[in-house]
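Understanding the architecture of this molecule
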Amino acid sequence: MNVWILSVRELARLLRGRLTWLAAALTVLSPLAGLTVYRSASADTMQSLYVANPALAGGVVGSILFGLLTVYELDRTERSRVGMLMDAAVSPLTMALVRLPALAAAAVLGLGLTMLVWLPISRELIGSVFGGTDYLLSYLLFMGLALWLAILAAAAAYQFTRRSDLSLVLFAAFAALSLTVWAGKWQLC
């Protein structure tokens, strides 16, 4: 079967799950941490306070949520004890090519919902200096790419270990490095 058709079916299965919608809902709420707790932008301009900080905080919290969702979804066949049957029916490489675009599409859905919810809030907080292009670029670059990279990092950790507990430890180690040691180098963060 075509990988794209299987990816669409996997996305439909993902969107029927409560955990996916919980991760998306918490991702929508995550920019609130940028207004209250997590203030990583150093400038005191309206754009940095009300667009960059929420987008960065949304990227941090959303990436952790979608990384956890990725490990949970990749371990679904092992938890159900049908992993060997799945590997016999469909190659693990094909299943990785099916699951990753579906998880990335779910992350794009969460990002889109977040941007729709926070657009009027940001516009109201910033006032007359609000820039739509700055808003879109901030959320796409800071939050959107963080969600995709977290999915890829969690999937890579799971592919190396094939165990959810070790994958979560590796993902937590990368997240901790990103927030502490690599925090000054935003490309690594």
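In this text, all values refer to a predicted model and were calculated from it rather than measured experimentally. For every chain, the first residue of its written sequence is number 1, and the numbers climb from 1 along that sequence. Reporting of local features is limited, given that this is a predicted model, to residues whose pLDDT is at least 70; pairs of side-chain atoms are given and counted only at 80 or more, and all residues count toward the totals for whole chains, interfaces and linings. The side-chain quantities take in all heavy atoms of the structure and omit both hydrogens and water.

Quick look at the packing of helix α2 (residues 18–29) against helix α7 (residues 92–126) now. Here, axes are lines fitted to C-alpha atoms. For helices the fit covers the stretch in contact, and angles between N-to-C directions go from 0 to 180 degrees. In this description a helix means any DSSP run of H or I spanning at least four residues, a strand means any run of E spanning at least two, and both kinds are numbered starting from the N terminus. At a closest axis distance of 8 Å, the pairing of α2 and α7 adopts a crossing angle of 35°. Here α2 runs over α7; the crossing is right-handed. Judged by residue contacts, T20, W21, A24, T27 and V28 of α2 engage A106, L109, G110, L113, T114, V117 and W118 from α7. Residues are sorted three ways: Asp, Glu, Lys and Arg are charged, Ala, Val, Leu, Ile, Met, Phe, Trp, Tyr, Cys and Pro are nonpolar, and all the rest, Gly among them, are polar. Of the residues assigned to the contact of α2 with α7, the class counts are 8 nonpolar, 4 polar and no charged. Note on convention: the crossing is left-handed when the near helix lies turned anticlockwise from the far helix by less than a right angle, right-handed when the turn is clockwise. By definition, residues are in contact when any of their heavy atoms lie within 4.5 Å.

Salt-bridge detection follows one rule: a side-chain nitrogen of Lys or Arg within 4 Å of a carboxyl oxygen of Asp or Glu. In the structure shown here, the tally under the stated rule is 5 salt bridges. Between R76 and E73 there is a salt bridge whose closest N-O contact spans 3.5 Å. For D165, the salt bridge goes to R163, with nearest N and O atoms at 2.7 Å. Classification of R163 as partly exposed rests on a relative accessible area of 43%. Think of it in three bands: residues with accessible area under 20% of the maximum for their type are buried, residues over 50% are exposed, and the middle band is partly exposed, with areas taken using a 1.4 Å probe on protein chains only.

So, about the confidence of the model for the chain. pLDDT is defined as a per-residue confidence score from the predictor, taking values between 0 and 100. This prediction gives the chain a mean pLDDT of 86; 93% of its residues lie at or above 70. Within the chain, the element-level pLDDT minimum falls on helix α6 (residues 83–89), averaging 71, and the maximum on α2, averaging 95.

Moving on, we come to a nonpolar patch on the surface. A contiguous nonpolar patch, built from L137, L141, F142, L145, L149 and L152 and spanning about 560 Å² of accessible area, is present on the exposed surface. Within the secondary structure layout, L141 lies in helix α8 (residues 132–161). Patch construction takes residues with relative accessible area above 30% that form no salt bridge. Like charges are linked within 9 Å, and nonpolar side chains (Val, Leu, Ile, Met, Phe, Trp, Tyr) are linked within 5 Å. All accessible-area figures derive from a Shrake-Rupley calculation using a 1.4 Å probe, and residue coverage is judged against the displayed protein chains alone.

Pairing of aromatic side chains here covers Phe, Tyr and the six-membered ring of Trp, requires ring centres within 6.5 Å, and sorts the geometry by plane angle: under 30 degrees stacked, over 60 edge-to-face, intermediate tilted. All told, the structure shown has 2 aromatic pairs when counted by the stated rule. Ring geometry for F130 against Y135: centres 5.8 Å apart, planes inclined by 50°, an arrangement best described as tilted. Classification of Y135 as buried rests on a relative accessible area of 2%. Geometrically, the ring pair formed by Y135 and Y139 is tilted, given 4.8 Å between the ring centres and 45° between the ring planes. With Y135 and Y139 both in helix α8 and 4 residues apart, the pair spans about one turn of that helix.

Next up on the list: the packing of helix α4 (residues 46–74) against helix α9 (residues 164–179). Geometry of a packed helix pair, given as the angle between the helix axes and the separation of the axes. Axis separation between α4 and α9 bottoms out at 10 Å; the angle between their running directions is 165°. Taken together, the axis directions place α4 and α9 in an arrangement best described as roughly antiparallel. The two elements α4 and α9 meet at a crossing, and its hand is right-handed. Contacts between α4 and α9 involve V60, S63, I64, G67, L68 and V71 from the first element and S164, S167, L168, F171 and L179 from the second. Its residues placed into classes, the contact of α4 with α9 shows 7 nonpolar, 4 polar and no charged. Oblique is the label for every angle not falling under 35 degrees (roughly parallel), over 145 degrees (roughly antiparallel), or within 65 to 115 degrees (roughly perpendicular).

A helix's residues, less one, multiplied by 1.5 Å, set its expected span. Counted at 1.5 Å a residue, the expected span for α4 with its 29 residues is 42 Å, and the 40 Å between its end C-alpha atoms agrees. A residue's bend is simply the angle between two axes: one fitted to the seven residues ending at it, one to the seven starting at it. At A52, α4 shows its strongest bend, of approximately 30°, with the proline P54 following within four residues. Extensive coverage of α4 is indicated by the burial of 21 of its 29 residues.

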